[in-house]
Amino acid sequence: MDAPLLPLYMQLADRMARSIRAGTLKRGERLPSVRELAGQHGVSLSTAVQAYRWLEDARLIEARPRSGYFVAARPPRLPEPRVSRPDTASRMVQLDQLGVQVMALSQDPGFISFGAACPGPELFDQDRVRRAMARAVMRHRELLCTYPIGPGMEEARRAVARHALGLGCVLDPDEVVITNSCIEAISLCLRAVCKPGDVVALESPTYYGFLEILQSLHLRALEIPTHPRHGMSLDALQLAFETQQVKAVLTVPTLSNPLGACLPVPERRRLAAMLARHDVALIEDVLYNDLSEQEDKRRAVKSFDTTGHVMICGSFSKTIAPGLRLGWVEAGRWGRVLRQTKAVQSGAQTSVLELALADLLTQAGSGAALRHLRATIAARVDEARQLIAESFPKGTRVSDPAGGFILWVELPEALDSAQLYEACLAEHIVIAPGMMFSASPRFRNCVRLGVGGKWGPEHPRALRRIGALAKQLLMSPPDELAA
Ligand SMILES: Cc1ncc(COP(=O)(O)O)c(C=O)c1O
C-alpha cells in the first residue's frame, strides 16, 4: 500500500542498505553489475544506477575501476563509550544557561549545527504534511472558530491508539490524551505522580529536556548506570528501589537521548514486572521507537504492563513534523488525575492540527516516509562515525546507535568539552557539551553530535574541524588556544 510513494531506486537501495547493515551482504563482497541488478529486481538500468549511486553516497558501497561494485569496507571501528557510573545519591537539578544557548544557536542560520536532536525540514515528507493540513482546514471549515475542549479529537485519539499497535500496545482511545508535545505529556505525568522533593530515576546521561522539567517541578534526579547500547541497568535500578524511595522512573527505552541505547526486549518485560512489584510509576518516552532499525526494539515496555504502572508518552516531532507540536499520553492508573491537570494547565490543542495528524497517521504513505527517513539518517550516521574515526583524537569512543541521528562521543579524559564548545563557536560550529546531560558535573569529556539537521559539504568539513580542534586542545594549554 505504501510502496509507490517511495521512488523505485530508493526502495531497492533501502533493501540493499538493510542487507549490508544486517551483514547479509558482507563487507568487501562483490555486488552484481548494474545490468545484473536491474535483471534480478525487474527494474530499468537507470533505476539500478540510481540505487547504486545512492548507496555510494551513503558510503555503503564503492565502485572500483574496471572491477565493478563492492560492499564498502566497514568504517574503522572506534570502541563504544563506557558504561556510566553516576552517584548513588539523588540530587536537585540546577542547570546553567548552557543548554538554552546551545538550543538557540542550533537554530541560527549563521552556525553549522550539530547541537539539536531533530531531523532537518528537508528530511520530512513536507508535501504530505501540507496536504493533510489543507484537507483538515477545508473539510472542517468551522473548527478554527470553535473552542476545543476535552482530551483531544476522537479521530486523533483513535489514530494514536492505532499507531500504538505498532509498539505492541493495545490502548483504549478514551484513555489517550492529546498534548501539545511529548515534553508536555511527560511533565503532566510527573505532576500526576510526584510532589516537590520526590526522587525520579533516569538514564545517565539523560535528555537535557528531562532535567529542565525536573528542575521546574523541584524534583530530585537519581541517575542510574546506563550501557551505551543496552540502556539503563535494571540491576542498579532494583538496588535503588531497595535502598531509597523512588517515586517514578523516566526513561527512553528505545534510542535514548543522548546514548542511542535500546533496552533488550526481555529487560522490558522485567522492568514492567519490577515496577508493579515496587508500586513505582514508569514514564516511558516512545518518541524515537519508530526510528529503530531493529523491529523488536520498537515494542514498548507498556506492552508488558498488566497493572497500569506504565505511563506512555510520545509525539511525532522526530518522525512526521516537529512543527505540528502534538504529542500524546496514556497514563495508566493515573489517567483521571492527568486529564484533570491537563484541562487546568493548557486545555485542548488546535482541533484542525489534530485532524491533520489523524490523517497523517492513518493515510497510506506513512510507512514509506518513515523508511525513507530511517535510510537517509542511517547513511548520515555512518558517514559521521567514519569522519569521527578518521579525525578525532586517539582514544575517542563513539556510540553506534541502531537508528536515530544522535552520536555520543567520549573524548580522552583530559579534554574539556566546555573549551571545545567555545573553540567551535569561534568557528561558527555548534556542538552540545556532555555536561548538559547530567544533573551532576560529569561527562565533561563528552559531546553529543546531532547529525539529522541540514547537511551540505560544509558539515563533513566541520566534523573534521571539531576533531582537529579537540586534538589541538589536548596538546596546548587553554590560554594558548585563546590567544
Ligand atoms: C527523549 C526526548 N523526548 C522528548 C523530546 C521532545 O519532544 P517534543 O518535541 O514532542 O516535545 C525530545 C527532543 O529532543 C527527546 O529527545
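Everything numeric in this text was worked out from a predicted model, so none of it was measured.

Caption draft 1: Representation of the side chain of Lys342 within the structure. Its location among the elements puts Lys342 in helix H11 (residues 335-345). Side-chain polar atoms of Lys342 contact the side chain of Gln349, separated by 2.7 Å. Contact partners of Lys342, with chain neighbours within four places excluded, come to Val177, Ile178, Thr179, Asn180, Glu184, Leu188, Gly347 and Gln349.

Caption draft 2: Summary view of the domain arrangement of the protein chain. Under the domain assignment used here, the protein chain contains domain 1 (3-71), domain 2 (91-122 + 368-482) and domain 3 (124-362). Averaged C-alpha coordinates put domain 2 and domain 3 at centres separated by 26 Å. Between domain 2 and domain 3, the contact holds 37 residues from the first and 32 residues from the second. Summing the contributions of domain 2 and of domain 3, the shared interface buries around 2,900 Å²; its carbon and sulfur component is 61%. Where domain 2 touches domain 3, the interface holds zero salt bridges. Where domain 2 meets domain 3, there are 12 residue pairs in polar contact (both at pLDDT 80 or more). Among the elements of the structure, strand E3 (91-92), helix H4 (98-106), helix H13 (366-391) and strand E14 (406-410) are those that each provide at least two residues to the side of domain 2 that touches domain 3. Residues that form the side of domain 2 that touches domain 3 fall into these classes: 23 nonpolar, eight polar and six charged.

Caption draft 3: Layout of the nonpolar core. If you look at the biggest cluster of nonpolar residues, it comprises 44 residues, and the most contacted ones within it are Ile186, Leu190, Ile283, Tyr288 and Met311. Elements with a minimum of two residues in this core: helix H7 (182-193), strand E6 (199-204), helix H8 (208-216), strand E9 (246-251), strand E10 (281-285), strand E11 (310-315) and H13. It is H7 that provides the largest number of residues to this core, a total of eight residues. Those residues in contact with Ile186 that sit more than four places away from it in its chain are Phe210, Ile213, Leu250, Ile283, Asp285 and Cys313. Among the nonpolar cores identified, the runner-up in size contains 42 residues, and Val102, Val381, Val398 and Val409 belong to it.

Caption draft 4: Geometry of the sheet that holds strand E17 (residues 446-450). The strand order across the open sheet built from four strands is E13-E14-E17-E16, with neighbouring strands paired in antiparallel fashion. The open sheet is flanked by strand E13 (397-398) and strand E16 (432-433), the only strands paired with a single partner. Judged from the two bridges that link them, E16 and E17 form a sheet pairing that is antiparallel. Along E17, the bridge assignment pairs Pro433 with Val447.

Caption draft 5: Geometry of the site of the ligand. In the region of the ligand, 14 residues are neighbours, and Asn257, Asp285, Tyr288, Ser315 and Lys318 sit closest. Within the side chain of Asp285, a nitrogen or oxygen atom sits 2.6 Å from a nitrogen atom of the ligand. One of the side-chain nitrogen or oxygen atoms of Lys318 is found 2.7 Å away from an oxygen atom of the ligand. Here the ligand loses 93% of its free accessible area of 400 Å² to cover by the protein chains.

Caption draft 6: Geometry of helix H14 (residues 417-426). Turning to H14, its buried residues are Ser417, Leu420, Tyr421, Ala423, Cys424 and Leu425. For H14, the N-terminal capping position is held by Asp416, with its side-chain oxygen 2.9 Å away from the main-chain nitrogen of Ala418. Backbone geometry just after H14 places His428 at a positive phi near 60°.

Caption draft 7: The arrangement of the pattern of salt bridges in detail. If you walk through the whole model with that rule in mind, you get 24 salt bridges. Note that Lys342 is salt-bridged to Glu184, the shortest N-O span being 3.0 Å. Of this pair, Lys342 sits in helix H11 while Glu184 sits in helix H7; the two residues are 158 residues apart in sequence, bridging distant segments of the chain. Looking at Glu184, the relative accessible area reads 6%, which means it is buried.

Caption draft 8: Highlighting the packing of aromatic side chains. Throughout the structure, instances matching the rule amount to six aromatic pairs. Consider the rings of Phe114 and Trp455, whose centres lie 6.4 Å apart with planes at 80°: the pair is edge-to-face. Taken as a pair, Phe114 in the loop between strand E4 (112-113) and helix H5 (126-139) and Trp455 in the loop between E17 and helix H15 (458-475) lie far apart in primary sequence, 341 residues in all. In this structure Phe114 comes out as buried when scored by relative accessible area, which is 1%. An aromatic cluster is built from Trp408, Phe437 and Phe443, whose rings are joined through pairwise contacts. Here the basic side chain of Arg64 rests over the ring of Phe70, its NZ or CZ set 3.9 Å away from the ring centre.

Caption draft 9: Region of interest: helix H10 (residues 265-278). End to end, H10 covers 20 Å across 14 residues, agreeing with the expected 20 Å (1.5 Å per residue, within 8%). Those residues of H10 that fall on the buried side of the exposure criterion are Val265, Arg268, Leu271, Ala272, Met274 and Leu275. End-on, the buried residues of H10 take up no more than an arc of 165°, which puts them together on one face. Exposed side of H10, more than 90 degrees from the buried face: Pro266, Arg269 and Arg277 are the residues found there. Note on H10: the residue one or two positions beyond its end, Asp279, has a positive phi of about 55°.

Caption draft 10: Local environment of the side chain of Ser315. By the secondary structure assignment, Ser315 is in strand E11. A polar contact is formed between the side chain of Ser315 and the side chain of Ser317, at a distance of 3.2 Å. Once residues lying within four places of it in the same chain are set aside, the contact partners of Ser315 are Ser181, Cys182, Leu287, Leu326, Gly327 and Trp328.

Rules and cut-offs
- Residues numbered from 1 in each chain as written.
- Predicted model: local features only at pLDDT ≥ 70, side-chain atom pairs only at ≥ 80, totals over all residues.
- Heavy atoms only, no water.
- Helix = DSSP H or I, 4+ residues; strand = E, 2+ residues; numbered from the N terminus.
- Polar contact = N/O pair within 3.5 Å; in protein donor to acceptor, adjacent residues only side chain to side chain.
- Contact = heavy atoms within 4.5 Å.
- Domains from an automatic or database assignment.
- Buried area = accessible area lost by both parts, 1.4 Å probe.
- Salt bridge = Lys/Arg side-chain N within 4 Å of Asp/Glu carboxyl O.
- Nonpolar A, V, L, I, M, F, W, Y, C, P; charged D, E, K, R; others polar.
- Core = buried A, V, L, I, M, F, W, Y, C linked by side-chain atoms within 4.5 Å.
- Buried < 20%, exposed > 50% of the residue type's maximum accessible area, 1.4 Å probe, protein only.
- Pairing = 2+ DSSP bridges.
- Near = heavy atom within 4 Å.
- Areas by Shrake-Rupley, 256 points an atom, 1.4 Å probe, with all protein chains shown as cover.
- Phe/Tyr/Trp six-rings, centres within 6.5 Å; stacked < 30°, edge-to-face > 60°.
- Lys NZ or Arg CZ within 6 Å of the ring centre and 35° of its normal.
- Expected span 1.5 Å × (residues − 1).
- Arc of directions from axis to C-beta.

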